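Architecture and fold: a report
Listed here are the chains, written in short residue letters.
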Amino acid sequence: METLDEQLDAANAKAAGLEAQVATMTNDLEQARAATQTLETANAELSDNLKAASEKAAAQEQRLREALAENDRLKAEAKTAEERAAEFYGAAAGAPAAVTAKGDSAAVPVAERFKAAKTPAEQTAFLRSLSEAERAELFSSL
């Protein structure tokens with residue numbers, strides 16, 4: 001068994017060890033509090049930044065909707081090339097000429113195509129294939 005002095009020394013040593021642990025823990029607690037304060041400040045700053053970014057995104061989205069609506073309005077008001085040409089040249093310009101491939105027999109005048117038909121059967125078939133306008137052109141040129 002230990003003597004009272006030995007027990008007292010052991011208790012003092014244990015108390016000194018516990019005091020050292022308390023000092024270390026107190027230091028760790030202060031560091032944790034400082035870190036917590038730093039994190040809370042950063043969190044508040046990030047929350048403010050998030051709020052500002054959300055407001056900015058909402059404003060940009062609204063501008064996008066407005067731009068899309070303006071684009072749709074302009075498309076609705078836009079005129080095709082044919083409409084602009086009709087306005088420019090007017091209704092007096094008449095019907096546009098038919099587009100034919102180079103060397104197409106439709107580009108040759110009707111009277112010349114009629115003269116190319118040699119037999120009465122060819123001439124009859126040719127006359128039946130003509131439109132009213134082409135017939136009028138043919139009969140006016142004969």
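Residues numbered from 1 in each chain as written. Predicted model: local features only at pLDDT ≥ 70, side-chain atom pairs only at ≥ 80, totals over all residues. Heavy atoms only, no water.

**Here's the deal with the confidence of the model for the protein chain**
When pLDDT is averaged along the protein chain, the result is 85, and 87% of the positions lie at 70 or above. Within the protein chain, the element-level pLDDT minimum falls on helix H2 (residues 81–89), averaging 75, and the maximum on helix H1 (residues 4–77), averaging 93. (pLDDT = per-residue confidence, 0-100. Helix = DSSP H or I, 4+ residues; strand = E, 2+ residues; numbered from the N terminus.)

**Concerning the nonpolar core**
One finds Val110, Ala111, Phe114, Phe126, Leu130 and Leu138 forming the largest nonpolar core, which totals six residues. The element best represented in this core is helix H3 (residues 110–116), accounting for three residues. Among residues more than four places away in sequence, those in contact with leucine 130 are Val110, Arg135 and Leu138. (Core = buried A, V, L, I, M, F, W, Y, C linked by side-chain atoms within 4.5 Å. Buried < 20%, exposed > 50% of the residue type's maximum accessible area, 1.4 Å probe, protein only. Contact = heavy atoms within 4.5 Å.)

**Examining the pattern of salt bridges**
Once their charged atoms are close, side chains differing in charge can pair, the charge on each being opposite to the other. Tallying each qualifying case throughout the model produces five salt bridges. The salt bridge involving arginine 65 is made with glutamate 61; its shortest N-O contact spans 2.5 Å. On the criterion of helical spacing, the pair formed by arginine 65 and glutamate 61 is a turn pair, its members being four residues apart in helix H1. Note that glutamate 132 and arginine 135 form a salt bridge whose closest N and O atoms lie 2.9 Å from each other. Of the two residues, glutamate 132 and arginine 135 both sit in helix H5 (residues 132–141), three residues apart, roughly one turn of that helix. In this structure glutamate 132 comes out as exposed when scored by relative accessible area, which is 61%. (Salt bridge = Lys/Arg side-chain N within 4 Å of Asp/Glu carboxyl O.)

**Brief notes about the packing of helix H4 (residues 120–129) against H5**
Contact pair H4 / H5: the axes reach a minimum separation of 8 Å and the direction vectors enclose 130°. By the angle between their axes, H4 is oblique relative to H5. Contacts between H4 and H5 pair Leu127, Arg128 and Ser129 from the former with Glu134, Arg135, Leu138 and Phe139 from the latter. Class assignment for the residues of the contact of H4 with H5 results in three nonpolar, one polar and three charged. (Axes fitted to C-alpha atoms, helices over the stretch in contact; angles between N-to-C directions. Parallel < 35°, antiparallel > 145°, perpendicular 65-115°, else oblique. Nonpolar A, V, L, I, M, F, W, Y, C, P; charged D, E, K, R; others polar.)

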